[in-house]
Amino acid sequence: MKKVLIIGAGGVGQVVAHKCAQVPEVFGEIMLASRTKAKCDAIAAKLPRPIRTARVDADDVPELVALIKSFGPDLVLNVALPYQDLHIMDACLETGTHYLDTANYEPPDEAKFEYKWQWAYQERFRAAGLMALLGSGFDPGVTNVFCAYAQKHLFDEIHVLDIIDCNAGDHGQPFATNFNPEINIREVTARGRYWERGEWVETDPLSWSMTYDFPEGIGPKKCFLMYHEELESLVTNLRGLRRARFWMTFSDNYLNHLKVLENIGMTRIDAVEYQGSKIVPLQFLKAVLPDPGSLGPLTKGRTCIGCLMRGVKDGREKTVYIYNICDHEEAYREVGSQAISYTTGVPAMVGAKMMLGGAWTGAGVFNMEQLDPDPFMEALGAHGLPWVVREL
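Residues numbered from 1 in each chain as written. Predicted model: local features only at pLDDT ≥ 70, side-chain atom pairs only at ≥ 80, totals over all residues. Heavy atoms only, no water.

1. Structural notes on the side chain of E369
- For E369, the position within the fold is in the loop between strand 17 (364-367) and helix 14 (373-382).
- It is R239 that comes nearest to the buried, bridge-free E369 among opposite-charge side chains, at 12 Å.
- In contact with E369, not counting residues within four places along its chain, are N144, A148, S233, L234 and N237. (Helix = DSSP H or I, 4+ residues; strand = E, 2+ residues; numbered from the N terminus. Buried < 20%, exposed > 50% of the residue type's maximum accessible area, 1.4 Å probe, protein only. Lys, Arg positive; Asp, Glu negative; His and termini not counted. Salt bridge = Lys/Arg side-chain N within 4 Å of Asp/Glu carboxyl O. Contact = heavy atoms within 4.5 Å.)

Here it is, written out as structure tokens:
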């Protein structure tokens, strides 16, 4: 049995703690830590077995190092803010501890995310004999593994990839985000970007759309082209890829509210003067919007996230759609969180299980598609996220 330190007590941290607690044969001891210990304690009180809790400032490397040394985990599972990834990686290197996260690093002062900052840790983790697993959420994460599974079993080459993320749920609020509002709005308002014929092509934010007919009764939904971090690694690791895009659904209500907030400057990430103090408008907006954790009991409907791939196998063209559907109400009944947190938290636990159980090993920094997809796919279904392979 192994010891895991989970850093972050938001909606995803709650799911990760629940799911790790369900697998005592792998996660023998669990500690949950965040800047607000009371949040950790509240989550711990709902779990089926005792875990330890602690306060830690994930921006403070010496404080992280002290906590890791005192608890002695085999793995640090990072579900804190993306701004804190590098601090936690530094602490893992200093303490000789394996590392996992669900989203790549973002600098606080620029709405830009890419892997270069974390890929730069490759040699240090390799030399230390440590493994760092990047992006073990759903997208990135499961979508990467879906692609790896397709490349291993279903295609000789994947030529066209469309990752399509649909949240067909409804929380009934005038405007709310299903995960951290600051991260969500920075992501959605950024310029779109896709890969085609060996180069990146940029688009204006949310300027490209398509309608996709989602399976199992969800039906047609309008999807918008965005940039998402898993594209950056997939275009390197998939054979024969000619085009890769990422799409996400948004309701008209969400987009209308977002446009108004942009127009009045509330999505700005630079500081402004207000009554003698400097505030960041987007951070203030985050403080007044509904806490995503409060949406669990309100949200009904389902998510559908998957990879639509076209390529060749044995000289024959084929199209395959691999997807998962997750029900918001079922997720809430199990772990007290809606499906957005659930679909990120379950893969985080499964990735940790792969590392601690020895199915995934190695020294260095890894993206999910670089590892054997089969044990992950098997565990993913067993722990609450069944998947479907459909040839179209």
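2. Thoughts on the side chain of N324
- Relative to the helices and strands, N324 resides in strand 16 (residues 316-327).
- Since its relative accessible area comes to 1%, N324 is described here as buried.
- Each residue touching N324, except ones within four places of it in the same chain, is listed here: F138, F146, T303, C304, I305, T343, L385 and P386.

3. Here we look at the pattern of salt bridges
- All told, the structure shown has 17 salt bridges when counted by the stated rule.
- A salt bridge links K313 to D156; the shortest N-O distance between them is 3.7 Å. Taken together, the residues span a long stretch of sequence, with K313 in strand 15 (residues 302-313) and D156 in the loop between helix 7 (142-153) and strand 7 (157-167) at a distance of 157 residues.
- K313 gets classed as partly exposed once you look at its relative accessible area, which sits at 25%.
- Among the ionic contacts, a cluster of salt bridges with common partners joins R35, D57 and D59.

4. Things to note about the packing of aromatic side chains
- Evaluated as defined, the whole model comprises 14 aromatic pairs.
- Taken together, a centroid distance of 5.3 Å and an interplanar angle of 20 degrees make the contact between Y115 and W119 stacked.
- Overall, Y115 belongs to the buried group, its relative accessible area being 0%.
- Each ring, one from W200 and one from Y227, has its centre 5.7 Å from the other, and the planes form 90 degrees; the classification is edge-to-face. (Phe/Tyr/Trp six-rings, centres within 6.5 Å; stacked < 30°, edge-to-face > 60°.)

5. A word on the sheet that holds strand 2 (residues 27-34)
- Spatially, seven strands are ordered 3-2-1-4-5-6-17 in an open sheet, and the strand pairing comes out parallel. Among the strands making up the open sheet, the edge pair consists of strand 3 (52-55) and strand 17. In this sheet, adjacent strand axes meet at a mean angle of 20 degrees when their direction is disregarded.
- Two strands pair when backbone bridges link them, and strand 5 (residues 98-101) and strand 6 (residues 131-134) are joined in this way by two bridges, in the parallel orientation. Across the sheet, the residue bridging to Y99 is A132, located in strand 6.
- Sheet strands in contact with helix 3 (residues 61-71) are strand 1 (2-7), strand 2, strand 3 and strand 4 (75-78), and its direction is about 155 degrees off that of strand 1.
- Where helix 4 (residues 85-95) meets the sheet, its contacts fall on strand 1, strand 4, strand 5, strand 6 and strand 17, and the angle it forms with strand 5 comes to roughly 165 degrees. (Pairing = 2+ DSSP bridges. Axes fitted to C-alpha atoms, helices over the stretch in contact; angles between N-to-C directions.)

6. As for the pairing of strand 5
- Sheet topology places strand 4 next to strand 5; four bridges connect them, and they run parallel. Residue L77 lies in a different strand from strand 5, and its bridge partner there is L100.
- The β-α-β motif built from strand 4, the intervening helix 4 and the parallel element strand 5 has right-handed crossover chirality. (Right-handed = clockwise from strand over helix to strand, strands pointing away.)

7. Points about the environment of L371
- Locating L371 in the fold gives a position in the loop between strand 17 and helix 14.
- For the pair L371 and R124, spaced 247 residues apart in the sequence, the C-alpha separation amounts to 20 Å.
- Other than its neighbours up to four places away in sequence, L371 contacts M131, L133, W360, T361 and F366.

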